[in-house]
Structure formats: C-alpha cells, structure tokens
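# A look at the structure
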Amino acid sequence: KGFEKMKRLLASKKLKAALVLAAMTTNMMATVAFGETASNEVLFKIGEASYVANGVELEMDSAAVIHNSRTMVPMRYAAEAFGATVNWNDAARTATITLGERVVTLPIDSNIMFAGTEAIVMDTKPAIIEGRTMLPLAYIAQALGLEADWDGNTQIVKITPKVAPVVAVQPVVTVQPVVTVQEIQ
C-alpha cells in the first residue's frame, strides 16, 4: 500500500513542479551570491563560508580569506571542489592533494610545495587560521593543472580547467581534373 502511494506521489505533476522549482531556486541563489556560473568552474568569494561548484552553492565551515595578499581557502573544500582527494599528515604537518595522476604536497611551515617531484616556490605559506588548514588557492589550482582568475571588484576567485590552445589545421584538398563532355567528343 505504501509503495503504491509513493508511485502516485512520484508521478504527480505537483511533485515534479516542486522539484523543478527547487532546482531553479538553488541555481538562482548561487547566481545572486556569486554571479553567473558555468559548468566545470568553482567560485570562492572572500568572506563567504560557501562556494559555488558547477552552479551549485555548497557550504564550508570556514570562509575564504586574504592572508599575506593571497586568497586562502579551507584545504578540504579547495581539494574536493575540483574532484581531488586530500590527506593530512599531522605528524609531518603536510597536506597531500591527489587529482588523477597529479599529487601535490604542501608542508604547512614552508613556502615550497611539490607537484609530483617538481618543487614550486610560493610567495606565501599554507597557514592554520582559527584551527583550519588554509591553502593558497592560486598555487593549488596551478599545481592541479587548473586556471585561477581573480576579480578584485567582486573579490571572487574563479577556478576552471585549462583550455588547450586551438591549433589551426590546414585542410588537405585533393583536386581531380574535371573532364567535360566536349573534351571527350
């Protein structure tokens, strides 16, 4: 009996309309807070304890901040927003972020991070702010093969996949001689 009631509820036009309205409202709220978003992008706004990933607003337990002139975001949210995994080694005070084959290691007390075996010197260090490990967003994006764009007017950082340069390809044209009926006669 409960199954039949559930089937009728799922088939009802009112439920479908409510779900569409809820999805539209969520997307509009993210647009109002962060501006228009496209798929495959993540937006962090300074002072906000939320971010937008692929058009969906998600909550964080700490706001993005500017620290030593760099945008810093909570480690876990920065990594997971891009589909990466994050591990914290408390004894070594080191964050490790993995995205596909890319592995980024960030010692908290150092301005050197490692993208695989390549050492990258940063102009800031990861920091622990109010008990949260905060990472410099632009460097993390770069090491993961992503692009970071800063809008100083809105104080929003937009992270997107790097777009491969378009290579012009010259078409190969094969010309065949045209024979007319007059030439044959």
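Our subject in this report is the structure included herewith. (Residues numbered from 1 in each chain as written. Predicted model: local features only at pLDDT ≥ 70, side-chain atom pairs only at ≥ 80, totals over all residues. Heavy atoms only, no water.)

### Looking at the sheet that holds strand S2 (residues 50–53)
- What the five strands build is an open sheet, ordered S3-S2-S1-S14-S13; its pairing is antiparallel. If you trace the sheet from one side to the other, it starts and ends with strand S3 (56–59) and strand S13 (146–151), each paired once. Taken over all neighbouring pairs, the strand axes of this sheet differ in orientation by 25° on average, direction set aside. (Pairing = 2+ DSSP bridges. Helix = DSSP H or I, 4+ residues; strand = E, 2+ residues; numbered from the N terminus. Axes fitted to C-alpha atoms, helices over the stretch in contact; angles between N-to-C directions.)

### Things to note about the packing of aromatic side chains
- Across all of its chains, the model carries two aromatic pairs by this definition.
- Centroid distance phenylalanine 44 to tyrosine 51: 5.2 Å. Interplanar angle 20°. Geometry classified as stacked.
- A relative accessible area of 0% places phenylalanine 44 in the buried class.
- Among the aromatic residues, those joined into a cluster by ring pairs are Phe44, Tyr51 and Tyr77. (Phe/Tyr/Trp six-rings, centres within 6.5 Å; stacked < 30°, edge-to-face > 60°. Buried < 20%, exposed > 50% of the residue type's maximum accessible area, 1.4 Å probe, protein only.)

### Description of the pattern of salt bridges
- Applying the stated criterion to the full structure yields four salt bridges.
- Note that arginine 132 is salt-bridged to aspartate 61, the shortest N-O span being 3.2 Å. Here the residue arginine 132 occupies a position in strand S12 (residues 132–136), and aspartate 61 occupies one in the loop between S3 and strand S4 (65–67), the gap between them amounting to 71 residues.
- Exposure remark for arginine 132: the relative accessible area of 26% places this residue in the partly exposed category.
- Note on aspartate 61: relative accessible area 47%, which makes it partly exposed. (Salt bridge = Lys/Arg side-chain N within 4 Å of Asp/Glu carboxyl O.)

### What to know about the layout of surface pockets
- Counted as a void, the largest pocket has a volume near 180 Å³.
- Lining the largest pocket, in full, are Ile66, Ser69, Arg70, Thr71, Pro136, Leu137, Ala138, Ala148, Asp149, Trp150 and Val157.
- Within the residue set of the lining of the largest pocket, elements represented by two or more residues are strand S5 (70–74), helix H4 (137–143) and S13.
- At three residues, the largest contribution of residues to the lining of the largest pocket is made by S13. (1 Å grid on protein atoms, 1.4 Å probe; cavity = no way out; pocket = protein on both sides within 12 Å on 5 of 7 lines; lining within 4 Å. Points joined across faces, edges and corners; volume = space filled by probe spheres on them.)

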